[in-house]
Amino acid sequence: ARPERMRNLSERVRNTLDRMDKVFQEFLYVSRPDRDDRTVIDLVICIRDSLEMLAPRFEQADVAGEVSAPSEPVRILAYEGSLRRALVNVLTNAEQFSPPGETVEVGISTTSDTAIIEVSDHGPGVPKHKRKQVFDMFVTERPEGTGLGLFLAKAAIERSGGAIAIAETAGDRGTCVRIRLPLAPPESETGTEAA
């Protein structure tokens, strides 16, 4: 029972408990249904707000966040709370795999009926054979990760009628997460819809 050994063991126990707490918090979030109906959201504002909320984290990691978006609003119909959490999870994941001094780039574009978000980092990238697995529960490349962030993001985005995938990138480094969400129909410009 050497003091140094006891300190080491207690630190390992604390880290394990912290990790378990994160997992339980994520499961509690998954088990709670969205309280609100789907609402019309300006996706550009939603993403800028999410990046602003993460600004201290990005600054501490010496990673920049940059948004390229249309000048006009991009309106989608979604569950706002869970969508914001999904975006935060995807942005946090990009920050965690970005080397210091790099930039997480967020591009927003539209087709006739779809909003497209591309979150790109300059980290190690995801091998082709693992690109679907990263959205499975408990899959993570980080020892301190829970493996729930991208799983929850996928569930929230699909619940709002969208899809998420790892897209091809130029070169062999970096990851691009592509999210597709249906645009709000013109008649629901300011309305809500029952779940």
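For the structure itself, look to the data block above.
Because the structure is predicted, anything quoted here is derived from the model rather than measured. (Residues numbered from 1 in each chain as written. Predicted model: local features only at pLDDT ≥ 70, side-chain atom pairs only at ≥ 80, totals over all residues. Heavy atoms only, no water.)

Novice: Explain the nonpolar core to me, please; I cannot follow it from the model alone.
Specialist: One broad rule of soluble globular proteins: the nonpolar side chains tend to lie buried together. Ranked by size, the top nonpolar core spans 37 residues in total, and within it Leu-43, Leu-83, Ile-117 and Ile-179 carry the most contacts. Residue assignment for this core shows that the elements contributing at least two residues are helix H2 (43-53), strand E3 (75-78), helix H4 (80-96), strand E4 (103-110), strand E5 (114-120), helix H5 (149-159), strand E6 (163-167) and strand E7 (176-182). Of the residues forming this core, the biggest block, seven residues, is contributed by H4. Each residue touching Ile-179, except ones within four places of it in the same chain, is listed here: Leu-87, Val-90, Ala-115, Ile-116, Ile-117, Ile-157, Ala-163 and Ile-164. (Core = buried A, V, L, I, M, F, W, Y, C linked by side-chain atoms within 4.5 Å. Buried < 20%, exposed > 50% of the residue type's maximum accessible area, 1.4 Å probe, protein only. Helix = DSSP H or I, 4+ residues; strand = E, 2+ residues; numbered from the N terminus. Contact = heavy atoms within 4.5 Å.)

Novice: Would you mind going over the environment of Glu-59 with me for this structure?
Specialist: Mapped onto the elements of the fold, Glu-59 is located in helix H3 (residues 55-61). Under the relative-accessibility criterion, Glu-59 is labelled exposed at 65%. Sequence-wise, Glu-59 and Pro-100 are 41 residues apart; in three dimensions their C-alpha atoms are separated by 9.7 Å.

Novice: Sorry, what's going on with H2 here?
Specialist: The periodicity of an α-helix, 3.6 residues per turn, causes residues three or four positions apart to be oriented the same way. Among the residues of H2, Leu-43, Val-44, Cys-46, Ile-47, Ser-50 and Leu-51 are the ones counted as buried. Burial along H2 is one-sided: seen end-on, the buried residues are contained in an arc of 165°. In this structure, H2 carries Glu-52 and Met-53 as exposed residues pointing more than 90 degrees from its buried face. Two or three places before Val-44, at the start of H2, stands the capping residue Asp-42, its side-chain oxygen 3.0 Å from that residue's backbone nitrogen. (Arc of directions from axis to C-beta. Polar contact = N/O pair within 3.5 Å; in protein donor to acceptor, adjacent residues only side chain to side chain.)

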